[in-house]
Amino acid sequence: MSTSLITLIILIAGGTDSTDVSIIPENWVFGYDCLIDASACGDWINNHPVIDSTSVDAAVSVSAVSPEVNFLVTGAMRNDSTSHVVLRRARGVVKWPGTPWIAAGVYLNDQQPFIAGLSNPVLEWGWVDIDSTKGFGVSSGGVLGFSGDYLIQLTSGDTLSQLNVHSPWMGFAGVDYSRARIHPADSEGVDITVNVLSVRGDFRYFKPWLIVAGAEGEEGKWAVSAELRELRPIDTQWGRIEIVPGMHFAGDNIDLPGSAFVPGQRIITLGAFLESRRYFVSAGIKGMLDLSSDSLSSVSASAGMISEGGITWDVIFGYYADGDYRAYVSSTVSDSYASAGIAVEIIDDSTRVTGSASYSPRDDVCAEVSFSGDIDDSLQPECVLAVTTSLGPVMCLVGIEWEYDSSPSLRMNLTGLFK
């Protein structure tokens, strides 16, 4: 797409004639934005900075949306080691006129697969390279409140298919089903299939959540997670205490592209969390029992508070059955323009102290600095200095990082989003 064509589209989208009658159809909305990101990195050598890498990325997106269509085109120019112009992203979706529940579309570098879990995702972003996907999809809904979509794409020669079905809220529960599969182009590749059933309920006094996941092809490729949420049997002067029991089981051969499950895990959890409505305070404790081994059995606790004088306190503690432990305590005092704080972190036999401070002489300028050192065997100091400023939609960052036994590193970044 040429520069003159982009300029013409922008002028058409924002212009009106002298009679105040728009040349754009009444139900159409045109938009554009430009995202610019420039960065430089280097080291401090022989008492002066040396820049060893630079990059510039500029992307222009043009969109057109109406009740029946949704178009998006993003072109980009990138300059790092070489300069190149690419069509970074494109989408075209058309809905059946008068029936917004039926649609079809084509996608380029769009619609990356993702499936959520109870806490960690079952299928994580980045499972496939978004810059290598292209395909088409269909969607429908409105029948008894159900909706769904099916997408098939090519990615690096392999075939990626995605199916998502969402049920309506039935007064006490809702159900979602997702399926993602990569079918390899050659016989030596690995066929990966992920099926996830999510059930969320509401029984007034508690809300059960259930995740059932499974692959295909072999035994032991299954996983189940469940939690009871918003169960609040205790009410104190500090607030209500919510009890959250849970379980996380998985087969021995499960291998999903996410961090929600570990092969062979048999874990039972129990947590208690304070929900305060009168004070700026939070607290929680959680225990984890590993039924298959003691490697994941642990107990952790955390608490935080903001006093009337503007002092923030945070405390975190965790202990594992194998003897490892971690403790973290921090305190920060702040006002409208500046803040200062100190933190102590203990990980097994290592204790590290960090001091930090920040100052904002005006709303669009901020400077931050932090120093840390290990107070056990060797100091091994570290230092970070960052100054940020903004001017309208443009933000600039200049940072210096220095670690023990290494040269200071420099970083400069300039980002702007124009709409």
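Provided above is the structure to which this section pertains.
Residues numbered from 1 in each chain as written. Predicted model: local features only at pLDDT ≥ 70, side-chain atom pairs only at ≥ 80, totals over all residues. Heavy atoms only, no water.

Caption draft 1: Geometry of the overall build of the protein. Within the protein, the regular secondary structure consists of one helix and 25 strands. Expressed along its principal axes, the backbone C-alpha trace of the protein runs to roughly 70 × 60 × 55 Å. Here the protein holds 419 residues, and the buried ones make up 26% of them. A separation of at least 24 residues holds for 32% of the contacts in the protein among residues at least 6 apart in sequence. Total accessible area on the protein stands at roughly 25,400 Å², and carbon and sulfur atoms take up 60% of it. When the 24 basic and 51 acidic side-chain charges of the protein are each reduced to a single mean position, those positions are 9 Å apart. (Helix = DSSP H or I, 4+ residues; strand = E, 2+ residues; numbered from the N terminus. Buried < 20%, exposed > 50% of the residue type's maximum accessible area, 1.4 Å probe, protein only. Contact = heavy atoms within 4.5 Å. Areas by Shrake-Rupley, 256 points an atom, 1.4 Å probe, with all protein chains shown as cover. Lys, Arg positive; Asp, Glu negative; His and termini not counted. Charge placed at Lys NZ, Arg CZ, Asp CG, Glu CD.)

Caption draft 2: A look at the pairing of strand 2 (residues 48-65). The sheet contact formed by strand 1 (residues 29-45) and strand 2 spans 17 bridges and is antiparallel. Bridge assignment links Val29 to a residue of strand 2, and that residue is Val65. Hairpin connection of strand 1 to strand 2: two residues between the antiparallel strands, including Asn46 at a positive phi of 55°. One ladder, built from ten bridges, connects strand 2 with strand 3 (residues 69-79); its direction is antiparallel. Within strand 3, the position partnered with Ala59 by the bridge is Ala76. In textbook terms, the turn of a hairpin is the stretch between consecutive antiparallel strands, and for strand 2 and strand 3 this stretch comprises three residues. (Pairing = 2+ DSSP bridges.)

Caption draft 3: Main features of the pattern of salt bridges. For the coordinates displayed, the defined rule picks out 15 salt bridges. Between Arg200 and Asp176 there is a salt bridge, with the nearest N and O atoms lying 3.2 Å from each other. One end of the pair, Arg200, is in strand 10 (residues 192-201); the other, Asp176, is in strand 9 (residues 173-183), and 24 residues separate them in sequence. The class of Asp176 is buried, set by a relative accessible area of 19%. Among the ionic contacts, a cluster of salt bridges with common partners joins Lys207, Glu230, Arg232, Arg240 and Glu275. (Salt bridge = Lys/Arg side-chain N within 4 Å of Asp/Glu carboxyl O.)

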